[in-house]
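Structural overview for review
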Amino acid sequence: MTTHRLVPEWVEVVVPQSQKEAYKAQIGNDIVTTPDNIIGLGRLRNWCLDAFSDETLIMIDDDITRAYSLTHKHAHNLTRAEITEVLINTAVMAKDAGCHVFGFNQTDIRKYNGCEPFKLCTWFGGVIGVIGREYRFKDDKFKVDIDFCLKNLLHNRIVWCDNRYYFVQKRDNNVGGNSEFRTAEEFRRSVDSLKAKWGNCVKIREDKNSSQIEIRLNVGRRQLIKYE
């Protein structure tokens, strides 16, 4: 676990009841426990939606190692105080825009486009904010954030992604939590289920050399301008 080093101590850490003591020995944040039968990312996210009464709930994966601002000449490493401000400000902007979900850039920091500081049609994970309780996450172990973003795009037409900030993760390398239930078969089942539900709205590219899967959305939102 690394995220607790980047966020304030008042941020609560959600862990299974059976792992509470192990986490308590590592961190100083308050710990909230889930029943051990809450297995999989979808069920965990929905449990959090029910357990916390705040209108806006920001869920941060436990494997965040650093955060960058991409608006400088070179990527700027954000401090803990700056990360807090970014999270709060993004939540405010997303709510003002009428969005029910928000997140951050997931593209390689070298590909940041200063002419596109925000995206309204994409998916994001790692750090995901939910405003209100209009929608639920899919009951699946993996890739539920993609489904949740697509659900918001289907009904609300936009999501809020702040491209100016990038949170670095050690994806799928942590121990504990959801990683204990990750298998190649379970992961493949989640990907196939996502494709079956959303069809051509989801584009999946597999790297045979690294076994990595890249998932992109194929959802058009831009108007074509015709010049006469």
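The text that follows walks through the structure, step by step, so that each part is easy to find. Model, not experiment: these values are computed from the prediction. (Residues numbered from 1 in each chain as written. Predicted model: local features only at pLDDT ≥ 70, side-chain atom pairs only at ≥ 80, totals over all residues. Heavy atoms only, no water.)

**Regarding the side chain of asparagine 163**
Within the fold, asparagine 163 resides in strand 9 (residues 160-169). In contact with asparagine 163, not counting residues within four places along its chain, are Leu70, Asn105, Tyr112, Glu116, Pro117, Phe118 and Lys119. (Helix = DSSP H or I, 4+ residues; strand = E, 2+ residues; numbered from the N terminus. Contact = heavy atoms within 4.5 Å.)

**Looking at empty space enclosed by the protein**
For the coordinates displayed, the defined rule picks out one cavity of 30 Å³ or more. Here the largest cavity is characterised by a volume of approximately 50 Å³. As for the largest cavity, its lining consists of Thr3, Leu6, Val7, Ile60, Ile64, Ala67, Ile83, Leu87, Val127 and Phe167. Listing elements by their share of the lining of the largest cavity, those giving two or more residues are strand 4 (64-69) and helix 3 (80-96). Class assignment of the residues belonging to the lining of the largest cavity gives a composition of nine nonpolar, one polar and no charged. (1 Å grid on protein atoms, 1.4 Å probe; cavity = no way out; pocket = protein on both sides within 12 Å on 5 of 7 lines; lining within 4 Å. Points joined across faces, edges and corners; volume = space filled by probe spheres on them. Nonpolar A, V, L, I, M, F, W, Y, C, P; charged D, E, K, R; others polar.)

**Section: the pattern of salt bridges**
Between side chains of opposite charge, a pair can form as their charged atoms come close. For the structure on display, the rule yields 15 salt bridges. In this structure, aspartate 108 engages arginine 110 in a salt bridge whose closest nitrogen and oxygen atoms are separated by 2.6 Å. The partner of glutamate 214 in a salt bridge is arginine 216, with the nearest N and O atoms 2.6 Å apart. Given the relative accessible area of 53%, arginine 216 is considered exposed. The network of salt bridges with shared partners includes Arg45, Asp61 and Asp145. (Salt bridge = Lys/Arg side-chain N within 4 Å of Asp/Glu carboxyl O. Buried < 20%, exposed > 50% of the residue type's maximum accessible area, 1.4 Å probe, protein only.)

**Looking at the environment of glutamate 186**
Inspection of the secondary structure puts glutamate 186 in helix 5 (residues 184-198). Glutamate 186 gets classed as partly exposed once you look at its relative accessible area, which sits at 22%. Taking the C-alpha atoms as reference, glutamate 186 lies 7.7 Å from lysine 141; in sequence the two are 45 residues apart.

**With respect to the nonpolar core**
Formed by 31 residues in total, the largest nonpolar core has its most connected members in Met59, Phe124, Ile128, Phe137 and Phe148. Elements represented by at least two residues in this core include exactly helix 2 (41-51), strand 3 (56-60), strand 8 (127-131), helix 4 (144-156), helix 5 and strand 11 (212-217). Residue contributions to this core peak at six residues, all from helix 4. Beyond its immediate sequence surroundings of up to four residues, methionine 59 is in contact with Arg45, Cys48, Leu49, Gly126, Val127, Ile128, Val130 and Phe137. Formed by eleven residues, the second largest nonpolar core is a distinct cluster that contains Leu78, Ile83, Phe104 and Val127. (Core = buried A, V, L, I, M, F, W, Y, C linked by side-chain atoms within 4.5 Å.)

**Examining the environment of leucine 150**
Inspection of the secondary structure puts leucine 150 in helix 4. Put simply, leucine 150 and alanine 25 are 125 residues apart on the chain and 38 Å apart in space, counted from C-alpha to C-alpha. Excluding anything up to four places from it in sequence, leucine 150 contacts Trp198, Cys201, Val202, Leu217 and Val219.

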